[in-house]
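# Per-entry structural report
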Amino acid sequence: MKISNRALNTPPSGIREMFEIANNYSNVINLCIGEPGFITPKNIIEAGKRALDEGHTKYTSNAGVIELREVLAKKLEKENGIKADAENEIIVTTGAGEAIILTLMVLVNEGDEVILPNPSWPNYLGQIINVGGKPVPVLTKEEEGFVLKADAIKKVISEKTKVIIINSPSNPTGSVIPKEELIAIGKLAKENDIVVLSDEPYEKLIYDEMTHFSIGSVDEFRDNIVTVNSFSKTYAMTGWRVGYAHGPKSIIEAMVKLKESLTSCVNAAAQQACIEAIMGPQDTVFKMVKEYNKRRDLLVNGLNELKGVFCTVPKGAFYAFPNVKELGMTSKDVAKTIIEEVQVVTTPGSAFGSAGEGYLRLSFASSEEDIIEALNRLKRCSLFNK
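Attention in this report is confined to the structure presented alongside it. All values reported here derive from a predicted model rather than from experimental measurement. (Residues numbered from 1 in each chain as written. Predicted model: local features only at pLDDT ≥ 70, side-chain atom pairs only at ≥ 80, totals over all residues. Heavy atoms only, no water.)

## So, the overall build of the protein
When helices and strands are tallied, the protein shows 13 helices and 12 strands. Whereas a compact globule of 386 residues would reach a radius of gyration of roughly 21 Å, the protein reaches 21 Å, a difference of no more than 12%. With the principal axes as the frame, the protein shows a C-alpha extent of 60 × 55 × 50 Å. Residue burial in the protein is summarised as follows: out of 386 residues, 56% are buried. (Helix = DSSP H or I, 4+ residues; strand = E, 2+ residues; numbered from the N terminus. Rg over C-alpha atoms; globule rule 2.2 N^0.38 Å. Buried < 20%, exposed > 50% of the residue type's maximum accessible area, 1.4 Å probe, protein only.)

If you want it as structure tokens, here you go:
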């Protein structure tokens, strides 16, 4: 049987490769995956249970239940400064991943170009390829805080450019794009009739008095912005698989039409739980962010004590992205050696693009105990004792 080019050309996951190696060992500490180190807040879980008891077990609208879309419209205006029509400009999706692939399916034809940061979340690359697009990576630099720059984007825009993907706070670098840079990117998009896909699932995970700015809040860019978000990171709801997107009516309507043939609709009870997530108390979110901040400092300080390692302090998300170039090995070989010698799982930076070579990604969403033990093990690894 011949496998499709689409499947063959989709790049393998560097994260999954580390998991497979780790399966050969016991007593593993996993700092590899972007999984919140908390369970979903109890009030949200109870809302999901109630929803099942109340009969929310059937299909919903392809776009999502209107009650959730109305709550999202209020949230977007209050927290992000984005004015949203709940009926026509919001779609509820199966995680942020489906929102991204639907956006690309609607906007990208075979051979069209999609600009994305390098390094960035590896699924962007696979999604662009899956819709027949051509990825155009733009280098972000450690000395500039890994911030995606409008000037760098401008240099690669062509007649075939249809979408610019931005992700702030960023996976894997933890960078936060300043407001003035986002506005410059928005102006580029408007001038060149390009859509900015702004992926914002880490919007609440931000530190050091930094602030999150949504590019979709700028009225003059409204026709050029699709804002994607998720409940996964903010509310520790990764397994519930609920995301959403806001954008121009024409784009959202086309996404809703395509969703029918993909997943039809999002789990009905999960949508009810998400209403509670937004409308209910937010104290657990603040506690989680405070704890992530503490764990960030613990991990970054520990990494910077290792010989041959330099780690900038991430401003958002829950990832450290240390530079390990002084070790004189590929990032994959560094990650493999760490697993083999001390059973700590990290992700090689090369999994996030060519500019990630020479770095590792470590999640500080793990428990404080795991981070402390991982750092103690890393101190024993031969790589850092030469």
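## Some words on the state of the cysteines
Under the counting rule described, the total for this entry stands at zero disulfides. Not part of a disulfide, C274 finds its nearest cysteine sulfur in C265, a span of 13 Å. Judged by its relative accessible area of 0%, C274 is buried. Left unpaired, C311 is separated from the closest cysteine sulfur, that of C32, by 16 Å. (Disulfide = S-S within 2.5 Å.)

## Some details on the sheet that holds strand β8 (residues 243-246)
The sheet built from seven strands is open, its strands ordered β2-β8-β7-β6-β5-β3-β4 with mixed pairing. For this open sheet the edge positions go to β2 (90-93) and β4 (134-139), each flanked by a neighbour on one side alone. Along the sheet, successive strands turn relative to each other by an average axial angle of 20 degrees, direction set aside. (Pairing = 2+ DSSP bridges. Axes fitted to C-alpha atoms, helices over the stretch in contact; angles between N-to-C directions.)

## A few points about helix α13 (residues 368-380)
Taking 1.5 Å per residue as the helical rise, α13 with its 13 residues ought to reach 18 Å, and the 19 Å between its terminal C-alpha atoms agrees with that figure. Inspection of α13 places I371, A374, L375, R377 and L378 among the buried residues, and these make up the whole buried set. All buried residues of α13 lie within an arc of 165 degrees about the axis, which places them on one face of the element. Turned more than 90 degrees from where α13 packs its buried face, E369 and R380 sit exposed. Packed against the buried residues of α13 are β1 (29-30), α11 (283-303), α12 (331-342) and β10 (344-345). (Expected span 1.5 Å × (residues − 1). Arc of directions from axis to C-beta. Contact = heavy atoms within 4.5 Å.)

## Some details on the pattern of salt bridges
In the structure shown here, the tally under the stated rule is 17 salt bridges. Here E79 and K204 are joined by a salt bridge, their closest N and O atoms 3.2 Å apart. Of the two residues, E79 sits in helix α4 (residues 66-80) while K204 sits in the loop between β6 (195-199) and β7 (225-230), which places them 125 residues apart along the sequence. Assessed through its relative accessible area of 40%, E79 is described here as partly exposed. The network of salt bridges with common partners includes K75, E79, E203 and K204. (Salt bridge = Lys/Arg side-chain N within 4 Å of Asp/Glu carboxyl O.)

## Focus on the packing of helix α2 (residues 14-22) against α12
In helix packing, the relevant descriptors are the interaxial angle and the interaxial distance, both defined with respect to the helix axes. Running from N to C, α2 and α12 point in directions that differ by 25 degrees, and their axes come no closer than 10 Å. Our classification of the angle between α2 and α12 gives roughly parallel. Once α2 is placed against α12, the crossing between them reads as right-handed. Two secondary-structure elements touch here, α2 through E17, M18, I21 and A22 and α12 through K332, A335, K336 and I339. By residue class, the composition of the contact of α2 with α12 is five nonpolar, no polar and three charged. (Parallel < 35°, antiparallel > 145°, perpendicular 65-115°, else oblique. Left-handed = near helix turned anticlockwise from the far one by under 90°. Nonpolar A, V, L, I, M, F, W, Y, C, P; charged D, E, K, R; others polar.)

## Considering the nonpolar core
The biggest cluster of nonpolar side chains holds 74 residues, and the ones touching the most others in it are F231, L303, F318, I338 and F384. At seven residues, the largest contribution of residues to this core is made by α11. A63, V108, I165 and V226 belong to the second largest nonpolar core, which has 26 residues in total. (Core = buried A, V, L, I, M, F, W, Y, C linked by side-chain atoms within 4.5 Å.)

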